[in-house]
Amino acid sequence: MTALQSAQQFIKALKAQADPPVRDGPLKIDLAEQAWQDASFHLPNKAEVIADWILSKFFKERGNVLATNVLVNERYWGLLSKLLSSPSPNVQPSSPQTSLWLKSSLSRISIAPVINAFLNLWSQLDASQSTQLMAQASYCISILYPLGTQKLTTEAFLESWGSFLKNAENFTDNASSIKIGLIITRAYKNSLSNSSSRKKVNNLFVQNESYFQAWLQRLQDKSPAAQYEYLRQAILTCGMDTLFNLDTIRQMTDSLEESPICLALYKAFQNDRNVALKALPPLFDHYIASLRKHRGAIISASSSSRVPDQTELNSASSKFFLCLRNLVDAQKRDVSAWDAVSQMVDVIGRENIYHPQTGLDSLKHEVDIALNSLSEPGEDQESNPTPAIARCLSAVIRVDYDLVLPSMGALLSSFLTIPVPHPDHFTLLELLLEYHTKTRTVDHYIETLISNLSPDPSASPPSAQGRYAISHSSPILHPEHLGQLSKATRQFLTSGQCNTAVDHFCGALKALHEHYKTALRRSEADQGNGSRKSRKSDSSAGHQEDLSNLALTFSLMAKLGQTVFSSIPMTSLPQDQAEQLKSSLAEFQAGFAQNSISKILKLLLQSEIASRGDDKTSLKRKRRGESPTWEAQIMLIGLLRLHYTLRMARSLALPSTSSPKLTKKLLELLSHSEDELLPELYLEIFRTLFDLGLAMDATEASQTIDFALAFVDKTLMPRLDTIWSGFAHELTFGPEGRAQAGLAVLHMILERWLPVIELTASGQQLEALAKVITRIPLGTGAVQDGQQLLSAGRLLFRTLRSAQFWEFHNFRVALLSRLLNLTSNLEGEPEKSSHQNKALKLVVTYRLLLFFPAEYLRKSCRADLVETAIQADRIISQRVEGATETEASLSTLRTFLKRTFGFLGSIEEQSTSDLAEFILHLLDDWTTATQTELSQTTLDLFELYFTELLKKTVRADSGEASKVLATYRQYPIFDTLGSIKARSLVCLIDLLNKEFRFASLSPDLQKLLNELHLHLLTDLHDKLRAAINASRSEHLSVVPDLLTYWHSLLVLGRWLGLEDLQRSFGPQLVQKFTTTFAERLQGVSNDWTDRTVTMVVAILLQELQYCDDMVQNDQLGLVVAAYVSQWKHLSLAGKASLDQVVSNACRQLSPSGFEYVLSLLDGALSSDFDDSIDSSELVHLGSILLRDHPPNTLKIIQAFFTRCMAIYTDNEKYTAISTGVRLQTLEFVAQHCAERPAALRLLDIGSIWLLLSKCLSPSPRHEKVTSSSTFHQIISIASAIIRLRRDLTIPMLPHLGMILRQVTLCMRQCRPQLGSKQTDMVMSTQPRWISANQPLGAEEAKALSRLLETLTTKTIVRVHTASAETQKAESLAAPFSKHAAYVLKAYIEAMNDPLCVLALDVRKELYPGLYALCSMIGEHSRDALMVSGLDTGGKATMKALWKEYEKQRYSGQG
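Residues numbered from 1 in each chain as written. Predicted model: local features only at pLDDT ≥ 70, side-chain atom pairs only at ≥ 80, totals over all residues. Heavy atoms only, no water.

Trainee: Is there a simple way to explain the overall build of the chain in this structure?
Mentor: When helices and strands are tallied, the chain shows 67 helices and 5 strands. Relative to its full complement of 1454 residues, the chain shows a buried share of 52%. Partitioning the contacts of the chain with sequence separation of at least 6, the portion at a separation of at least 24 is 78%. If you sum the accessible surface of the chain, you get close to 65500 Å²; carbon and sulfur atoms cover 50% of it. (Helix = DSSP H or I, 4+ residues; strand = E, 2+ residues; numbered from the N terminus. Buried < 20%, exposed > 50% of the residue type's maximum accessible area, 1.4 Å probe, protein only. Contact = heavy atoms within 4.5 Å. Areas by Shrake-Rupley, 256 points an atom, 1.4 Å probe, with all protein chains shown as cover.)

As structure tokens, then:
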């Protein structure tokens, strides 16, 4: 190509006017790329020439349209990034060389206009298709922009920053664009901080509407990219620094309304109100911060004290708050507006700028607006502003309680109209209650609640029933608030306030009841006969509305009274005052509550009788869903609740006096009512009757139970899918409300009053209750708005899981009788479909029987249930349709059988033929699922049945067992590896190996088992051989199953007594199925690898028993190699499974084989022959071998442990280099010391102390994360030696003292805000595994303290030579007393180190151990330590410690 023949031609081509330079030739960018990549093309300063051309092209064509603009061409940016990254294509990046020519190029070409033009093109780009462009451009801009803008003015930086703000909307998720934004923002911020014309910059930014609006929008943007939060904070800080400087703040304090910021905010509210609202709190916060920063220059110099300065600061802040609030109030406040105001009020409280003289009107105005708005809730939950209003009022309360307290009554009254409570409502109420608890005026809070519990009749909804539902679901009467009120009353109501509060409450209830009776008489007079009947006056309607409102208020007050009366702190009152209060409440209960209940019951009974006489009127009322006595019923509900609360309050302990007439009237009302009563009233009546159940006569108690069961059966049984939230006020008229009432009554019976029913109910009634329970399907309930709802199924589930439920003997007998009736034998031979349906219905009963304790089933009942379950299992297994339902049904039946037989330990009353027949039924391949619950249950049940069959076969004929075993030869069972029959073979072999001896079986069975083994071995050999030779992953998916069956056949062969193995696969399997091979396969799961590796090792170990003595060592070496190479690639479950296989096999090794394996490990641990193998696998395998060693190998394991300790102490990699290896090494030692203490020798103890000392030795390098596990392992090792081998510890007490000193010094932590050199000085004295940023904490201190206390604990030495009876329990207190002072000195050194600190919680946990050391050394050693070993600070610390020790020491008195 001619353009690349010489440097002159290349430069001439780049400077040509046309592109391409030659017609039909390559483009300039193609020439530039080729010239850069061609190393043979020589051009002086090649990178500079090409970069200068690209930058010039960027500058000249920056104004082109998007289609022809090179700024959006990835090739230009990509080539420029290569030029900037390295001086030549084949040379590594060298930024110093690049910056030399780049500065000269940028001095000729202004980069700022290029960047601005590029940013302005973002609005026309598709963000999803510009990822590569942004990545290349961000790299270039990160180099060009800092170098090319060093002489740029702040106004020019503002232009670039504003361009980014305007065009970054679609690129907030792109990491590269975020990087560009950070570069531009930081450059502008640096320039702004050094600018002398900040006021001018402020005017440019504020008056440019697009800049200011874009800045506000960027503050609200959300992005999944983690880097965007850094960018957002940088944008926020940069904008605030631009807005608030000394000049602008001085202008705002002089004339706030005319300031540019307020005018800009006014325009922002017109453009996008929501964006502007969210920006107000940070604006206000930064304004106050700027005021504080510049108040020395702003506030008049005449102020001679701090108080005037603070007053002027508060005044200026209040003015700005009022300005912002006026912007908010330009339109009606919504949720966003209230949130903005509440956050600004939070700023006022946080900055402590409120003063009653300067800010009272502004915040008081917020309270007034909030109270006015609370009466106008939104139509739905999303638009409902009451939570936001509550947040605002909470913020005002945190500023000053006195702002809200005068309006607390109106606030509480407004909260009664909120239908849906919110956590923010409870936060506000909690703040109000917190104030009254602090000031000990809880009684005033209760009185305020009482006086404001009357809902406004004019409020929406107009009906009393609607206001009743809203008021009872409001935050005031919600359990959350009532619980807080109960706690405050119980803890903070003083003794002088109790009588006053109770008298006030009782008086209010009585007065309200009198008003109700007066209104009721007026209403009856207005509705009388004669001329009054035709008079059309408004007074009648007013009286009637007053009647409803009075009834509603009484109901609310009664619910509040339940909380107050049950929370009176009787135990904290003087005895005479408590007796007086009890007398007053008893009089209130008997004189007011019971009399009022009797009168209202009489009224309701008269109304019921009258309404029954007029059928037409009654029918109309039922259709309207109304009651003619709604107010009376509401009054009765409140009175019954008060009566029940006063009787059941344990703190009151009032005398249980009840009128017999009350019970009769309640029962009479239940007998006369025909769906006219409120469902909620039914609940309260039944609760009261059950409460009086033990006091009433037998006839009345029986009637109560009959009414309750009939009500549940009538209302709930037709609608078993009913759910209920648990709130009684939701039990309204209508089918749904009555069904919920039935659920509530059943819940009350099962959860609360079942003991009473157990004592008073007849057998027929208990059977009726059992019938109700068995008709309910089990379930778990439903969840609505995060709240668990109650359903009949969930209620039954909870009841059956209760231990108390099964202790009611009478009801348990009735329930069992009902279950037996439902599970009567499937007799006759009806049609197949009907027979199957009947069996499926029985499954529901067996699901209930799964909850029935097996020990409560009588033998006769158990036999019938088992027989029926077996019959149903046979019938259901024949179903073709509904596989899921069938599988679930079979799982239930077989789980019941397994659970019953497992409890008994055997299978009762079944002959060998029955056992064999059912085993064959279980082996039927109805399902081939391998991991379903049904298949596992079937296998467990098969094991139980076959065990029983073999036990009976040993004593009788073996024909039935032979019949079962013969089924395994009927067809190739390994064709379907996941079938029940194939999987049962593994269970069968495992059962034979564990429970039976081959010689105990009959000759026929022995012969049959030998033939079966040969047959299965031949069949499986060919399949396994084919799987080993296969290469495709789909053919290898069956390998784990094939290996499992092959291992089982090897086990069976050894059980049969076979000595020779004709077919061996172990070495081939190790060679084939390694993790390297598994990694090459596609779609192989971790489970496949775990099972395959485990089975390969298990097969190797099983084949070991068939090998000759000459070959066994080679096989053992292969096992060790397979284990070590594959262990780290397994999952946690796979590692546990493999370890279990090795443990089981290790116990069966011969001493010579065991010694050979240990010698292999010894050699591997002491050499570095294979760096790919982590030493942690070798150490872990050694710990397994030591733990599960064969018998008669004590000397072998002692020698191996001694060699291992020598290796560990000589090689640094076991103590310092790798955290995993170090932890595994310490775990190896800790396990041996704790589980095999008798095997320890004196030589080992010295090596152990040396190992621990190396782990605790100081290190110049430290890990990033502190390994607390290392500390705990060290403590475990030392504790085990001290407790179990005191005899070996005494000769080496100085070593133990040094270890305890090192461990104590590890508890130090660096003081906060230390410099790097000081931190290094401290950390150079700490072990490698401790990080400066994460010191040891209280848990580690507690462990160290327990170790020190162990020194004084008396124990018995664990040795083989002497028995425990001949030994005397002793401690190390006396021998260690000479060394304890040095451990105490380590603690004192840690306390007095000027660069270190011991945290308070660490010291508290260390005290018990330090006290144990103090008890050892005595006063003489203490004085010696004080004189010779401590300085002044140490002596003071020692004195303080000894003083605390003396306080807690037992002196022998008392």
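We are not done yet, so read on.
Trainee: Sorry, what's going on with the packing of aromatic side chains here?
Mentor: Remark: the centre distance and the inter-plane angle together describe each pair of aromatic rings, the angle taken between the planes. Tallying each qualifying case throughout the model produces 42 aromatic pairs. On the basis of an interplanar angle of 50 degrees and a centroid distance of 6.4 Å, the ring pair of Phe58 and Tyr76 is categorised as tilted. Taken together, the residues Phe58 in helix α3 (residues 46-60) and Tyr76 in helix α4 (residues 74-85) connect sequence positions 18 residues apart. Comparing Phe58 with Tyr76, the two get one shared label, buried. Each ring, one from Phe1271 and one from Trp1329, has its centre 6.5 Å from the other, and the planes form 55 degrees; the classification is tilted. Of this pair, Phe1271 sits in helix α59 (residues 1268-1284) while Trp1329 sits in the loop between α62 (1316-1323) and α63 (1338-1350), and the two are 58 residues apart along the sequence. A residue is classified by how much of its surface remains accessible, and Phe1271, at 1% relative accessible area, is buried. Connected via pairs of aromatic rings, a cluster forms that spans Trp53, Phe58, Tyr76, Trp77, Phe118, Trp122 and Phe164. (Phe/Tyr/Trp six-rings, centres within 6.5 Å; stacked < 30°, edge-to-face > 60°.)

Trainee: Quick question: what am I supposed to make of the packing of helix α54 (residues 1151-1166) against helix α56 (residues 1194-1210) here?
Mentor: The angle between the axes and the distance between the axes are what describe a pair of packed helices. For the pair α54 and α56, the least separation of the axes is 10 Å and the interaxial angle reads 5 degrees. For the element pair α54 / α56, the angle class is roughly parallel. For the pair formed by α54 and α56, the contact residues are Pro1151, Phe1154, Glu1155, Leu1158, Leu1161, Asp1162, Leu1165 and Ser1166 on the first element and Ile1196, Ile1197, Phe1200, Arg1203, Cys1204, Ile1207 and Tyr1208 on the second. (Axes fitted to C-alpha atoms, helices over the stretch in contact; angles between N-to-C directions. Parallel < 35°, antiparallel > 145°, perpendicular 65-115°, else oblique.)

Trainee: Is there a simple way to explain the packing of helix α40 (residues 859-876) against helix α41 (residues 883-904) in this structure?
Mentor: At a closest axis distance of 10 Å, the pairing of α40 and α41 adopts a crossing angle of 150 degrees. Taken together, the axes of α40 and α41 are roughly antiparallel relative to one another. Like other packed secondary-structure pairs, α40 and α41 cross with a definite hand, here left-handed. Contact residues: α40 offers Arg862, Leu865, Val866, Ala869, Ile870, Ala872, Asp873 and Ile876, while α41 offers Thr886, Ser889, Leu890, Leu893, Arg894, Phe896, Leu897, Thr900, Phe901 and Leu904. (Left-handed = near helix turned anticlockwise from the far one by under 90°.)

Trainee: Could you clarify how one ought to interpret the pattern of salt bridges in this entry?
Mentor: Tallied over the entire structure, the rule returns 39 salt bridges. Of the charged contacts in the structure, one is a salt bridge between Arg218 and Asp221, with a shortest N-O distance of 2.5 Å. Of the two residues, Arg218 and Asp221, both sit in the buried class. Across the salt bridge formed by Arg1422 and Asp1423, the nearest N and O atoms sit 3.1 Å from each other. When its relative accessible area of 18% is taken as the criterion, Arg1422 is described as buried. Here Asp1423 falls in the partly exposed class, since its relative accessible area comes to 38%. (Salt bridge = Lys/Arg side-chain N within 4 Å of Asp/Glu carboxyl O.)

Trainee: Sorry, what's going on with unusual backbone geometry here?
Mentor: Peptide bonds are, in most cases, trans, and in most cases residues other than glycine have a negative phi. The phi dihedral of Asn352 is positive, around 55 degrees, even though this residue is not glycine. The backbone of Arg440 sits at a positive phi, close to 55 degrees, despite the residue not being glycine. Tracing the backbone shows Arg440 in the loop between α21 (423-438) and α22 (442-451).

Trainee: Mind showing me how you'd approach the side chain of Ser473 here?
Mentor: Here Ser473 shows up in the loop between α23 (464-472) and α24 (479-492). At a separation of 2.9 Å, a polar atom in the side chain of Ser473 contacts the main-chain carbonyl oxygen of Ala469. Contact partners of Ser473, with chain neighbours within four places excluded, come to Ile418, Pro419, Pro421 and His729. (Polar contact = N/O pair within 3.5 Å; in protein donor to acceptor, adjacent residues only side chain to side chain.)

Trainee: Sorry, what's going on with the environment of Gln227 here?
Mentor: Along the chain, Gln227 falls in helix α12 (residues 227-243). Take Gln227: its relative accessible area is 37%, and that puts it in the partly exposed class. Between the alpha carbons of Gln227 and Ser176 there is a distance of 9.8 Å; along the sequence they are 51 residues apart.

Trainee: Explain helix α11 (residues 209-220) to me, please; I cannot follow it from the model alone.
Mentor: Residues separated by three or four positions in an α-helix point in the same direction, a consequence of the helix having 3.6 residues per turn. Between the first and last C-alpha of α11 there are 17 Å, a value that for 12 residues agrees with the 16 Å anticipated at 1.5 Å per step. Across the 12 residues that make up α11, a large majority, 9, are buried. All of the buried residues in α11 are Tyr211, Phe212, Gln213, Ala214, Trp215, Leu216, Arg218, Leu219 and Gln220. (Expected span 1.5 Å × (residues − 1).)

Trainee: I would appreciate a short explanation of the confidence of the model for the chain in the present structure.
Mentor: Any segment with low pLDDT has predicted coordinates that should not be analysed in fine detail. Per-chain confidence: the chain averages 82 in pLDDT, with 88% of residues scoring 70 or above. Mean pLDDT values for the elements of the chain range from 41 in helix α26 (residues 531-534) up to 93 in α21. In the predicted structure, residues 529-544 sits below a pLDDT of 50 and forms 10 contacts with residues beyond four places in sequence or in another chain. Ignoring residues within four places in sequence, the model shows residues 616-628, a span with pLDDT below 50, making 15 contacts including any to other chains. (pLDDT = per-residue confidence, 0-100.)

Trainee: Would you mind showing me how to read the side chain of Asp339 here?
Mentor: In this fold, Asp339 is placed in helix α17 (residues 335-351). A relative accessible area of 18% means that Asp339 is categorised as buried. Dropping the residues within four chain positions of it, Asp339 is found in contact with Ala388 and Arg391.

Trainee: Explanation requested: the nonpolar core in the structure shown.
Mentor: Most often, soluble globular proteins keep nonpolar side chains buried together rather than apart. If you look at the biggest cluster of nonpolar residues, it comprises 468 residues, and the most contacted ones within it are Trp215, Phe565 and Ile1248. Apart from residues no more than four positions distant in its own chain, Ile1248 is found in contact with Phe1201, Met1205, Val1229, Cys1233, Leu1240, Ile1277 and Ile1281. (Core = buried A, V, L, I, M, F, W, Y, C linked by side-chain atoms within 4.5 Å.)

Trainee: I'm lost on the environment of Leu692 in this one. Help?
Mentor: Tracing the chain through its elements places Leu692 in the loop between α32 (679-691) and α33 (698-715). Classification of Leu692 by relative accessible area gives buried; the value is 2%.

Trainee: What am I meant to see in the state of the cysteines here?
Mentor: Covalent bonding between the sulfur atoms of two cysteines defines a disulfide. Following the criterion strictly, the structure yields 0 disulfides and no others. The thiol sulfur of Cys1396 is not disulfide-bonded, and the nearest other cysteine sulfur, from Cys1310, lies at 5.9 Å. On the accessibility criterion, Cys1396 (0% relative accessible area) is buried. (Disulfide = S-S within 2.5 Å.)

Trainee: Explanation requested: the environment of Ser259 in the structure shown.
Mentor: In this fold, Ser259 is placed in the loop between α13 (246-254) and α14 (260-271). Relative accessible area serves as the criterion here: at 1%, Ser259 is assigned to the buried category. Expressed as a C-alpha distance, the spacing of Ser259 and Ile249, which sit 10 residues apart in the sequence, is 9.3 Å. With residues near it in sequence (within four places) discarded, Ser259 still touches Gln251 and Met252.

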